[in-house]
Amino acid sequence: MVGQKLFSFPPPGRAHLHEEVLQSIEQSSRKLRVIAIVGEGRAGKSQLGNELLQTNVFATAATPEAVTEGVDIVLDGGRLVLDCEGFNNALASSRLEVLLIGTALASTLIFVMDGKLSEEGLNMLAGALTEAQLLEKQLPTRLVLVVNKCTLDYKASALEDALAKDHGRRDSRDAIKRAFPRRHFVAIPFDPSGGDAYQQGLNALRAALDAESSSELVFDGARLAGAIRGLSIKVGAGDFDLPSIHQHIMGEFLQGEVDAAMDGFMRRIPKVIEYDPDFKVDIDAGINLFDAAIQRLSLHTCSGQVHQFREQLQGKLEDVAEERRTANEALGNRTEPWRDVLRRGCALLSARQVGARLVVQRKQDLSPFLSSPSAIRFDTPEPLSVRWMWRHFHPELNPSSHDFAAVLNQHGQVLAVRVPAPALPDGVPVPRGNARHKAALSVSLRSDAWVVVVSQERGETSVACAGQLWDVGSAFPDDSDYAVHEQQRRDLLLKLGLLWESRQISSKAKGLVWYAEEFRFLVGILVPPGTYARLDMWPVLRMLADAPLEFPAPRLRPRTGQSALPPASWRRAAEWVDLELERAGLPVEAAAVLESRWGSDDVPQPEPSVLWPQPALDDHRSRGFALPGGPDNKETQKKQLKQLADNQQRLEELWKMSNSHGISWDELDTAFVAFAKEGKRRYAQWSQVPQAAKAGGDSAKADLPKAAKMKLECEAKAKDFYAQFRPSDEEGNPVDPKRMWPSRVRRLAARLFVQEKKKFLAPWAPGKLTGNLQALVAAKMIRRETHERIYGLAVPDKEEETKEN
Ligand SMILES: Nc1ncnc2c1ncn2[C@@H]1O[C@H](COP(=O)(O)OP(=O)(O)OP(=O)(O)O)[C@@H](O)[C@H]1O
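Everything numeric in this text was worked out from a predicted model, so none of it was measured. Position numbers for residues count from 1 along each chain, tracking the sequence in the order it is written. The model is predicted, so local features are restricted to residues of pLDDT at least 70 and side-chain atom pairs to those at 80 or more, both for listing and for counting; the totals for chains, interfaces and linings are taken over all residues. For side-chain calculations, the full set of non-hydrogen atoms in the structure is used, while hydrogens and water are omitted.

Some details on the overall build of the protein chain
No. 1: A helix here means a DSSP run of H or I that spans at least four residues, while a strand means a run of E at least two residues long, and both kinds are numbered starting from the N terminus. For the protein chain, the count of helices and strands is 29 helices and 16 strands.
No. 2: In the protein chain, the proportion of contacts linking residues at least 24 apart, taken out of those at least 6 apart, comes to 71%.
No. 3: The Shrake-Rupley method, run with a 1.4 Å probe, gives the accessible areas here. Residue values count only the displayed protein chains as cover. Element-wise, carbon and sulfur atoms account for 51% of the exposed surface of the protein chain, whose accessible area totals about 41700 Å². For this analysis, residues touch if any pair of their heavy atoms sits within 4.5 Å.

Some points on the packing of helix α13 (residues 337–351) against helix α15 (residues 386–393)
No. 1: Under this scheme, a helix contributes an axis fitted over its contacting stretch, all axes are lines through C-alpha atoms, and angles between N-to-C directions fall in the 0 to 180 degree range. Across the interface, α13 lies against α15 with an axial gap of 8 Å and an inter-helix angle of 40 degrees. The angle between α13 and α15 places the two elements in the oblique class. Here the hand of the crossing between α13 and α15 comes out right-handed. Residue-level contacts link Val341, Leu342, Arg344, Gly345, Cys346, Leu348 and Leu349 of α13 to Val386, Met389, Trp390 and Phe393 of α15.
No. 2: Its residues assigned to classes, the contact of α13 with α15 shows 9 nonpolar, 1 polar and 1 charged. Small angles under 35 degrees read as roughly parallel and large ones over 145 as roughly antiparallel, with 65 to 115 read as roughly perpendicular and the rest as oblique. By definition, turning the near helix anticlockwise from the far helix through less than a right angle yields a left-handed crossing, and turning it clockwise yields a right-handed one. Just so you know the grouping, Ala, Val, Leu, Ile, Met, Phe, Trp, Tyr, Cys and Pro go in nonpolar, Asp, Glu, Lys and Arg go in charged, and all remaining residues, Gly too, go in polar.

With respect to the site of the ligand
No. 1: If you check the shell around the ligand, you find 21 residues, and the closest are Arg42, Lys45, Ser46, Gln47 and Val67.
No. 2: The side chain of glutamine 47 places a nitrogen or oxygen atom 2.6 Å from an oxygen atom of the ligand.
No. 3: Any pair of N or O atoms that falls within 3.5 Å is considered a polar contact. Within protein, one atom must be able to donate a hydrogen and the other to accept it, and sequence-neighbouring residues count only if both atoms are side-chain atoms. Between an oxygen atom of the ligand and a side-chain N or O atom of lysine 149, the distance comes to 3.1 Å.
No. 4: Protein contact buries 91% of the 640 Å² of open area that the ligand shows by itself. Whether a residue is near a molecule or strand depends on its heavy atoms: it is near if one of them lies within 4 Å of it.

Section: the confidence of the model for the protein chain
No. 1: Confidence of the predictor at the level of single residues is given by pLDDT, which spans 0 to 100. When pLDDT is averaged across the protein chain, the result is 76; 74% of the residues are at 70 or more.
No. 2: Looking at the elements of the protein chain, mean pLDDT is at its lowest for helix α5 (residues 132–136), recorded as 37, and at its highest for strand β12 (residues 405–408), recorded as 94.
No. 3: Residue range residues 131–137 is modelled with pLDDT below 50. Its contacts to residues more than four positions away, or to other chains, number 17 contacts.
No. 4: Under a pLDDT of 50 for its full length, residues 798–805 has, in the predicted model, 5 contacts with residues more than four places off or in other chains.

Focus: the pattern of salt bridges
No. 1: Criterion for a salt bridge: a side-chain nitrogen of Lys or Arg within 4 Å of a carboxyl oxygen of Asp or Glu. One pass over the structure, following the stated rule, counts 21 salt bridges.
No. 2: The shortest N-O distance in the salt bridge between lysine 738 and glutamate 715 comes to 3.3 Å. Here lysine 738, found in helix α26 (residues 737–740), pairs with glutamate 715, found in helix α25 (residues 706–723); they are 23 residues apart in sequence, far enough to count as distant.
No. 3: In this structure lysine 738 comes out as partly exposed when scored by relative accessible area, which is 38%.
No. 4: When the shortest N-O distance is used, the salt bridge between glutamate 788 and arginine 784 registers 3.1 Å. Here glutamate 788 pairs with arginine 784, and both are found in helix α28 (residues 768–790), just 4 residues apart, close to one helical turn.
No. 5: Under the relative-accessibility criterion, glutamate 788 is labelled buried at 13%.
No. 6: It is possible to trace a salt-bridge network through shared partners that takes in Glu19, Glu26 and Arg229. For the exposure calls, accessible area comes from a 1.4 Å probe over protein chains only, and a residue counts as buried if that area is under 20% of its type's maximum, exposed if over 50%, partly exposed in between.

What about the environment of leucine 289?
No. 1: Looking at where leucine 289 falls in the secondary structure, it is placed in helix α11 (residues 284–296).
No. 2: The class for leucine 289 is partly exposed, based on a relative accessible area of 26%.
No. 3: The spatial distance from the C-alpha of leucine 289 to the C-alpha of glycine 264 is 7.5 Å, given a sequence separation of 25 residues.

Some points on helix α16 (residues 435–446)
No. 1: The span you would expect from a helix comes to 1.5 Å times its residue count less one. For α16, built from 12 residues, the straight-helix expectation of 16 Å at 1.5 Å per residue is met to within 8% by its first-to-last C-alpha distance of 17 Å.
No. 2: Listed in full, the buried residues belonging to α16 are Arg436, His437, Ala439, Ala440, Leu441, Ser442, Val443 and Ser444.

Section: the pairing of strand β3 (residues 31–39)
Residues in a regular strand point their side chains to alternate faces of the sheet.
No. 1: Of all 9 residues in β3, 8 are buried, a share of seventy percent or more.
No. 2: Pairing between strands requires that DSSP locate at least two bridges from one strand to the other. Strand direction decides the pairing type here: β3 and strand β9 (residues 219–220), joined by 2 bridges, are antiparallel. The residue of β9 that forms the bridge with leucine 32 is phenylalanine 219.
No. 3: As defined by bridge partners, β3 adjoins strand β5 (residues 79–84) across 5 bridges and the pair is classed as parallel. Among the inter-strand pairings, alanine 36 is bridged to a residue of β5, identified as leucine 82.
No. 4: Of the pairings in the sheet, the one linking β3 to strand β6 (residues 108–114) comprises 5 bridges and is parallel in character. Paired with isoleucine 35 across the two strands is threonine 108, which belongs to β6.

Quick notes on the packing of helix α2 (residues 45–53) against helix α8 (residues 196–210)
No. 1: At their nearest, the axes of α2 and α8 sit 11 Å apart, and the two run at 70 degrees to each other. Between α2 and α8, the angle falls in the class roughly perpendicular. Only Tyr198, Leu202, Leu205, Arg206 and Leu209 of α8 make contact with α2, whose side of the interface consists of Gln47, Leu48, Glu51 and Leu52.
No. 2: In terms of residue class, the contact of α2 with α8 is built from 6 nonpolar, 1 polar and 2 charged.

Some remarks on the environment of glutamate 756
No. 1: Within the fold, glutamate 756 resides in helix α27 (residues 742–761).
No. 2: Sequence separation of glutamate 756 and methionine 710 is 46 residues, and the distance between their C-alpha atoms is 7.7 Å.
No. 3: Excluding residues that lie within four positions of it along the chain, glutamate 756 makes contacts with Trp686, Met710, Cys714 and Lys717.

Some remarks on the environment of asparagine 50
No. 1: Considering the arrangement of structural elements, one finds asparagine 50 in helix α2.
No. 2: Expressed as a C-alpha distance, the spacing of asparagine 50 and glycine 3, which sit 47 residues apart in the sequence, is 9.8 Å.
No. 3: Aside from chain neighbours lying at most four places away, what touches asparagine 50 is Thr55, Asn56, Val57, Phe58 and Thr60.

Remarks on the pairing of strand β4 (residues 71–76)
No. 1: The sheet contact formed by strand β1 (residues 4–8) and β4 spans 3 bridges and is antiparallel. The residue of β4 that forms the bridge with phenylalanine 7 is valine 71.
No. 2: Looking at chain direction, β4 and β5 are connected through 6 bridges and run antiparallel. Each bridged residue has a counterpart across the sheet, and for leucine 75 the counterpart in β5 is leucine 80.
No. 3: Linkage of β4 to β5, two consecutive antiparallel strands, is achieved through a turn of 2 residues, within which glycine 77 is found at a positive phi near 60 degrees.

Quick word on the packing of aromatic side chains
No. 1: For this analysis, a ring pair means two rings from Phe, Tyr or Trp (six-membered ring only for Trp) whose centres lie within 6.5 Å, classed as stacked if their planes differ by under 30 degrees, edge-to-face if by over 60, and tilted for the remaining angles. Enumeration over the complete set of coordinates arrives at 7 aromatic pairs.
No. 2: Among the aromatic side chains, those forming a connected cluster through ring pairs are Trp686, Phe753 and Phe760.
No. 3: In this scheme, Lys NZ or Arg CZ marks a charge over a ring once it lies within 6 Å of the ring centre and within 35 degrees of the ring normal. Here the basic side chain of arginine 682 rests over the ring of phenylalanine 760, its NZ or CZ set 3.9 Å away from the ring centre.

Here's the deal with the side chain of serine 8
No. 1: Along the chain, the position of serine 8 falls in strand β1.
No. 2: Looking at serine 8, its side chain comes within polar contact range of the side chain of histidine 18, at 2.8 Å.
No. 3: Here serine 8 is in contact with Arg14, Ala15, His16 and His18, once residues within four sequence places are set aside.

Remarks on helix α21 (residues 615–622)
No. 1: All of the buried residues along α21 are Ala616, Leu617, Asp619, His620 and Arg621.
No. 2: Tucked inside the fold, the buried residues of α21 contact α20 (573–583), α22 (634–657) and α28.

As for unusual backbone geometry
Residues apart from glycine generally show negative phi values, whereas peptide bonds are mostly found in trans.
No. 1: Positive phi, normally seen in glycine, also occurs at lysine 149, with a value near 50 degrees.
No. 2: With respect to the secondary-structure elements, lysine 149 resides in strand β7 (residues 142–150).
No. 3: In this structure lysine 149 comes out as partly exposed when scored by relative accessible area, which is 31%.
No. 4: The backbone of arginine 418 shows a phi angle near 55 degrees, a positive value even though the residue is not glycine.
No. 5: Mapping arginine 418 onto the fold places it in strand β13 (residues 413–419).

This is the structure in structure tokens:
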């Protein structure tokens, strides 16, 4: 460890910063406290520095000439020790700059006086603090005042006693007191041999340095290096003053605290993994971290600057909170209410073919568009409502404005109206559609805003973003199911994918949040919230993102309702046959001993007819003949093989002879009757007054058959659906949708009713009886044929075996 020169004063005497030395500070990975040793010339400052570091790093000599010139430094772990040139040696140049540099940078200032606590020394110290502004912006520096080479017997309270004296120069004493609320006094006796008394003095100095060190200003290396550079520029230029230097260093320090609070906050903030309906980000936690640091250092006196950095922190915290909130909302497929208002408004306008253009502000400021003379800017943003949209864009109600755009802020409030669009840039192909579409495209090319356009001619809603314009079809969904069609959805995603690329969003996770957000916005204009939760965009988004996501997709609900019944024969024939063979004790995987001859010339299949081919029966007959597992002795195996060959032959005869064995006429009859009876009962339930209500004769509604009740229900549903698009009448009361669009309501109600009826009577629909009976016959035949296969074989059924023996 050796002392290195940080500042020197080559002729003509301007401060010179040694960059190579500064770099060692800059690269330090630790937080640094700065101990600056300043004071009178030849007072033994370098020697004290050596004693504190317990090694000879700073040059000392018993000469009258100055030994230390400029500022030497030693980096010792978390401590940066500054040994500064003395200021009042008659044999050296007196440079106040050095005193200023030491005072400005110090976390702890060791001020050394030679031999006695002198008035001149106190004045020098106060001289560095005289400016009133400095006192406003003081650094939280500690003072350790050392009288070195002392021959007098000072009390520990000597400094306080001296500061309490009134010599008619209260100013400098007050300055010291206010600048250094934490101060210590140490006297070190004159002793060239370094005896006990000298060592005691040094111990007192070390104790003073260790006391309250937690409330000291600390810098990280890079920030401290930045502060020193700034300082050197000011000192080098010669026009420095302490307040500005302090302000500069203070700024660096506060910036460090802002970053530290930000880091602490980021560690505590909840991670967005799944949608949390109670998601909340408490930005006060981050502010509190900053406030705690300020309080620890008693920095209240520099309130102006602290306030400024506090506000900067608050801004950053709000940005993070907003980003997390958006991510959470995106995961939950939620949307703000205003988007629903916008969607309903567009739906109404497009239904009535009223043209409109709305610019929705996103991150980018839209002020340049609003500065046009025709634009009307609201002092307080107006809330958006369907009624507002209707009145504003209707050409008869508002002839002066309907051709211009209305601009909304991110919260869906109207910022300005009558906003004209800039011309389309050269070279951009003119989109189909009218002037509104061109205007929308042009705004979207110049900002990140979404522009929603309702076409007057076609009554269609389109959205422009980042120079892309696409129709979202009629926002008035005619389909009672509200679903966005698969193709339409793919189109949107594809276009969003292009946008994503064009935005060059670097982080995948951030990109996905953005993506989800855009998607939500777009779909939010198409369909009511809630219904599009099932559009299930996550799989698509994951497919698009080739890198693993930072947060997983929401867990998909496990599939329920899997039927315990054998699968329907006509759909999953092979599975049904497997189950049947297994039930009879025949291993499905075992290699067949005899191949099936079904379908060969010897055993031909029947001609195709209404009932043939039956897939399950065909599959069953095509399976090879296998032996059930049994005792492994040769005698029995031979017997078993013979039996199997007999079984096959017998079964083949059956195939040729009989077309519907295994089921009796009676069984078929019973099945037919059961089907018809159940169907009749179900139909009665649908179309007749319930028996209980007939007997009881209670309220009028209970008397109605299910069909009539359903009719009323469907009508109400249809009305509900159209109610969301209805405008209000002159008094502001919502208009009855049945009066407004009678035929639309009637049509939708009829369609819903037919759907319900189909659902209720589905199992008894025409053709179902044939299907049912066919399945029954096939099942019975397969059962009978399985019995033929295992007849006489040693299936793990002991009784059969004994019978044979
Ligand atoms: N307590 C002490 N008792 C006796 N001698 C001392 C004591 N402290 C320092 N000295 C001696 O004083 C001399 C000057 O010390 P040093 O070189 O450390 O002074 P300095 O303050 O660093 O000088 P400069 O202002 O030139 O940098 C040295 O010879 C040193 O041994």
